[in-house]
Amino acid sequence: MAVDGMGGDYAPQAIVEGSVLAAQELNVEIVLVGDEARLEREIDRLQAHKLPISICHASEVVYMHEAPGMALRKKRFSSIRVATELVRSGGAEAVVSAGNTGAAMAAATMIFRPIKGIDRPAIATLLPTQKGLAIMLDGGANVDCKAPQLFQFGIMGHVFAKSVFRKPSPAVGLLAIGEEASKGNDVTKEAFLLLKQSHLNFVGNVEGKHFFRGMADVVVCDGFIGNVALKMCEGFGEMFTQSLKNSLRRTPWRRLSALLVRPAFKEIRELLDPAEYGGMPLIGINGTCIIAHGNSTPKAVKNAIQMAKRIAEEQVTERIQEDLERNDMLDAEGQGSKLWRQIRNHMSFRSEREFEEDTTEPHDDPSSSRLSM
């Protein structure tokens, strides 16, 4: 696993500590990418020289405030770019970064390139529900989407849930303003038809109020809606937690009752803790990239590496291509099928150049949400 040793609010200390935990517990080899001297000092501090951890020097860092595309062009030896190049050259199987989200996305997209048949990679965000975990695509990578792109998100989420989370027939839903097929804007209505005609286990539209009931294993939406939903969940979670604490502190009897239910509170806190899930995979590229939270703790870094390991082992990229062929979106040579080209032309997709220009703009970090896993 190639780990961006300089990315994150607490780098390199937390990154190296998490990598050490991963090397100890997950049977993986780690390549830390970044300032060799600083990373070596952390290895010395943790006395981890006997672990399967090596260092690849990178002299530059893309900081959180920098515009991703500009920084990547100017800083060709940045830790995130070097780590991503290491995967492309075969020196590692996956890249993990808790640094600048836009830079990690741009580097992975430009260096790995999208899977044939996929127009836009998407961020898969894990959220807890009453029935377990739900995967929401997109969590913020694409603010404007066409119906076929939402359809692609459904396929990618289906493969991700089936391969990584062992769900035999993941239920795929479309986030909309009503359960009826007629509800929503033109894009969601067109996406509804495409999803309904596919081989996916499409359960129809899912309203926001039904999301956390676990009505779908995969919920499809564009990145604008997805990121807004994540931030609203974050705000509600903080408000609810603080209000509950204030209420339980008002009387001695309430404080006593709080002690009695402390184990239950601990379980809920762990359920909502992003460190339990590590980071968010960028799905739809010819490689494995995990975008971890900027404030990742060592535990979060370890779990992000574990997620990268599972995705690489399950060959999610290859499985997505198989599903694209199954839905007549690719022909035998791996090119867009006649049917899919007709759909794309009808929907007036923007050019690949416009997409690359989009990835050079600053992105609001979707991984900052406490509820985004």
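Before reading on, note that the structure itself is shown above.
Here is a short report on the structure shown in this document.

Parameters and conventions
- The residue numbering used here restarts from 1 in each chain and proceeds along that chain's sequence as written.
- Totals for whole chains, interfaces and linings use every residue, but because this is a predicted model, local features are given only for residues with pLDDT of at least 70 and side-chain atom pairs only at 80 or more, for both listing and counting.
- Hydrogens and water molecules were not included; the side-chain quantities draw on all heavy atoms of the structure.
- Here a patch means residues that are over 30% exposed by relative accessible area and free of salt bridges, tied together within 9 Å if like-charged and within 5 Å if nonpolar (Val, Leu, Ile, Met, Phe, Trp, Tyr).
- Values of accessible area rely on a 1.4 Å probe in the Shrake-Rupley scheme; residue burial ignores everything except the protein chains shown.
- Any Lys or Arg side-chain nitrogen found within 4 Å of a carboxyl oxygen on Asp or Glu counts as a salt bridge.
- Each helix is a run of H or I in the DSSP string that is no shorter than four residues. Each strand is a run of E no shorter than two, and both are numbered from the N terminus.
- Put simply, two rings from Phe, Tyr or Trp (the six-membered ring, in Trp's case) pair if the centres are within 6.5 Å, and we call them stacked under 30 degrees between planes, edge-to-face over 60, tilted for the rest.
- Partly exposed describes any residue whose relative accessible area lies between the buried limit of under 20% and the exposed limit of over 50%, with all areas from a 1.4 Å probe on protein chains only and scaled to the type maximum.
- What makes a nonpolar core is a set of buried Ala, Val, Leu, Ile, Met, Phe, Trp, Tyr and Cys residues whose side-chain atoms join them at distances within 4.5 Å.
- We call two residues in contact when some of their heavy atoms are within 4.5 Å.
- When we speak of the arc, we mean the arc of directions from the helix axis to the C-beta atoms.
- The criterion for a disulfide is a pair of cysteine sulfur atoms lying within 2.5 Å.

We now examine a nonpolar patch on the surface. A contiguous nonpolar patch, built from Val143, Phe224, Ile225, Val228 and Met232 and spanning about 480 Å² of accessible area, is present on the exposed surface. With respect to the element layout, Met232 can be found in helix H8 (residues 223-248).

Aromatic rings considered in pairs are described by the distance between their centres and by the relative angle of their planes. Scanning all chains against the criterion turns up four aromatic pairs. Ring centres of Phe160 and Phe165 lie 5.5 Å apart, and the angle between their planes is 85°; this geometry places the pair in the edge-to-face category. Overall, the relative accessible area of 1% leaves Phe160 in the buried class. Ring geometry for Phe192 and Phe202: centres 5.1 Å apart, planes at 75°, overall edge-to-face. Taken together, the residues span a long stretch of sequence, with Phe192 in helix H7 (residues 186-196) and Phe202 in strand E9 (residues 201-206) at a distance of 10 residues. Note on accessibility: Phe192 and Phe202 belong to one class, buried.

Before going further, it helps to spend a moment on the nonpolar core. With 62 residues, the main nonpolar core has Ile30, Leu32, Phe160, Ile305 and Ile320 as its most contacted residues. At 10 residues, helix H6 (residues 147-164) tops the list of elements feeding residues into this core. Discounting chain neighbours no more than four positions away, the residues touching Ile320 are Ile115, Ile118, Met156, Val159, Ile283 and Gly284. Judged by nonpolar contacts, the second largest core, of 29 residues, contains Ala58, Val62, Val82 and Ile111.

Turning to helix H12 (residues 316-326), its buried residues number three or more, namely Val316, Thr317, Ile320, Asp323 and Leu324. Axial view of H12: buried residues confined to an arc of 120°, hence all on one face. Close packing links the buried residues of H12 with H6, strand E11 (279-283) and helix H11 (298-313).

According to the stated counting rule, one finds zero disulfides in the structure shown. Cys221 forms no disulfide, and the closest cysteine sulfur to it belongs to Cys145, at a distance of 8.5 Å.

Relative to the assigned elements, Pro114 resides in the loop between helix H5 (101-112) and strand E5 (122-123). Expressed as a C-alpha distance, the spacing of Pro114 and Gly284, which sit 170 residues apart in the sequence, is 5.7 Å.

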